[in-house]
Amino acid sequence: FDMFVLAFVERIFRPTFRKDDFVLGKKLGEGAFGVVYKASHAKKPASKKEGDLVLKKATEYGAVEIWMNERVRRACANSCADFLYGFLESSGKKGAEYWLIWRFEGEATLSDLMQSKEFPYNVETMLLGEVQDLPKGLERENSIIQTVMRQLLFALDGLHSTGIVHRDIKPQNVIFSEGSRTFKIIDLGAAADLRVGINYIPKEFLLDPRYAAPEQYIMSTQTPSAPSAPVATALSPVLWQLNLPDRFDIYSAGLIFLQMAFPALRSDSGLIQFNRQLKRCDYDLVAWRKSIEPRASADLRRGFELLDLDGGIGWELLTSMVRYKARQRISAKGALAHPYFDREGILALSFMQ
Ligand code: ADP
Ligand code: MG
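Predicted model only: the values in this text are computed from it and were never measured.

So, on to the packing of aromatic side chains. As enumerated under the stated definition, the model contains 14 aromatic pairs in all. Here the aromatic rings of Phe-274 and Trp-288 are separated by 5.0 Å at their centres, their planes lie at 85°, and the arrangement is edge-to-face. Of this pair, Phe-274 sits in helix 8 (residues 268-280) while Trp-288 sits in helix 9 (residues 285-292); the two residues are 14 residues apart in sequence, bridging distant segments of the chain. Exposure remark for Trp-288: the relative accessible area of 1% places this residue in the buried category. Their ring planes at 50° and their centres at 5.7 Å tell us that Trp-288 and Phe-304 sit as a pair that is tilted. Of the two residues, Trp-288 is situated in helix 9 and Phe-304 in helix 10 (residues 298-307); the sequence distance between them amounts to 16 residues. Judged by its relative accessible area of 1%, Phe-304 falls in the buried class. Members of the aromatic cluster, connected to one another through ring pairs, are Phe-262, Phe-274, Trp-288, Phe-304 and Trp-315. The ring of Phe-104 is capped by Lys-38, whose NZ or CZ atom sits 4.0 Å from the centre of that ring. Positioned over the ring face of Trp-315 is Arg-289, at 4.8 Å from the centre of the ring.

Structure follows, in structure tokens:
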């Protein structure tokens, strides 16, 4: 099937909605380009309960976000939050206002979970649906973190295989889906679909500097300016190979790995300080380790100890994700095949019982 035929057929059969069909609840977030609310259907027949929803009222970038979500729904549905509908609500004095609706996946983002003193055991409880009666320790923490990384990389591999680069990977944009008990990616507002040239011109100002890779431009500056869609379709697989834009997300995912291993780097100030130190080491993580390990706090030393388990396989993966040069970073697929993931994660524990 042609993708566009499918999209067209889907548009005809999908129910259409308007503003009045939804009741807004608690505000969940507010950024420069939109406001996000918890919501529900206005007239919800008891027989057709859809559960809670999430509604984003977005400015002009909402059109791109709708495109990305519809593409994800067809190509790699499990990678991201379940997208239901997107429509243009008004073009009044405020200009275009796009409404996007998802299923409410759960209360907690990875950021919420990482801010808790219980992390990573709170994640283990959510993944398994029960509290494990096992001794706490580095091994167990490592296997919880390994499971989170596996799920995050799996979701990223789905996006990247579809030709989408997210560009805003951070714990705030990773939601725990209570239904599937997995982590999913949200917030495709800064994403780029290189295969069809959508959002081809990078919007650097959308990027979060705390998690952004050092390269300023997703595509090399020699790349000609945005070609029209058909040309982009023909060219972009080559451009993808040349520029490896997916490695931008890998760098951000590496920083999440780092934050999970080191509690001190979970705060904004801790992460900003780390970024400054890493820059001073020319983005060489091994040099960073050498510079801080001799005078490291017990807390930092524990992080290195965790990454050094099993012959340092975790540290090896981390250093292949957080590298200055995009082309030296491992891909999502490559990372999933890394020996760090050879050991069974915590989910194996629940199946053994
Ligand atoms: P923003 O552009 O404001 O960052 P996001 O799409 O990241 O918009 O959504 C903001 C917040 O709303 C998220 O950090 C998360 O807490 C919550 N949220 C978004 N989508 C969902 C969802 N599908 N299920 C549950 N919570 C969500
Ligand atoms: Mg967000």
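For the rest of this paragraph, the subject is the coordination of the magnesium ion (ligand 2). Taken together, the protein donors to the magnesium ion (ligand 2) comprise Asn-173 (OD1) and Asp-187 (OD), at separations of 2.2 Å. Of the two residues, Asn-173 is situated in the loop between strand 6 (164-165) and strand 7 (174-177) and Asp-187 in the loop between strand 8 (182-185) and strand 9 (192-193); the sequence distance between them amounts to 14 residues. Accessibility expressed as a relative area gives 5% for Asn-173, which makes it buried. Exposure remark for Asp-187: the relative accessible area of 26% places this residue in the partly exposed category.

Basis of the calculations
- Per chain, residue numbering runs from 1 following the sequence as it is written.
- Chains and ligands are labelled by the order in which they are written, letters from A for the one and numbers from 1 for the other.
- The model is predicted, so local features are restricted to residues of pLDDT at least 70 and side-chain atom pairs to those at 80 or more, both for listing and for counting; the totals for chains, interfaces and linings are taken over all residues.
- No hydrogens and no water enter the side-chain calculation; it runs on all heavy atoms of the structure.
- Stacked, tilted and edge-to-face pairs are distinguished by plane angle, under 30 degrees for stacked and over 60 for edge-to-face with tilted covering the rest, among Phe, Tyr and Trp rings (Trp via its six-membered ring) whose centres lie within 6.5 Å.
- For the purposes of this entry, the term helix denotes a DSSP run of H or I that reaches at least four residues, the term strand denotes a run of E that reaches at least two, and both are numbered from the N terminus.
- The buried label goes to any residue with under 20% of its type's maximum accessible area, the exposed label to any with over 50%, and the partly exposed label to all in between, with areas taken from a 1.4 Å probe on protein chains only.
- Consider the ring centre and the ring normal. A charge sits over the ring if Lys NZ or Arg CZ is within 6 Å of that centre and within 35 degrees of that normal.
- Coordinating donors are taken as N, O and S atoms within 2.8 Å of the metal, stretched to 3.2 Å for Na, K and Ca; because water is absent from the atoms, sites can appear incomplete.

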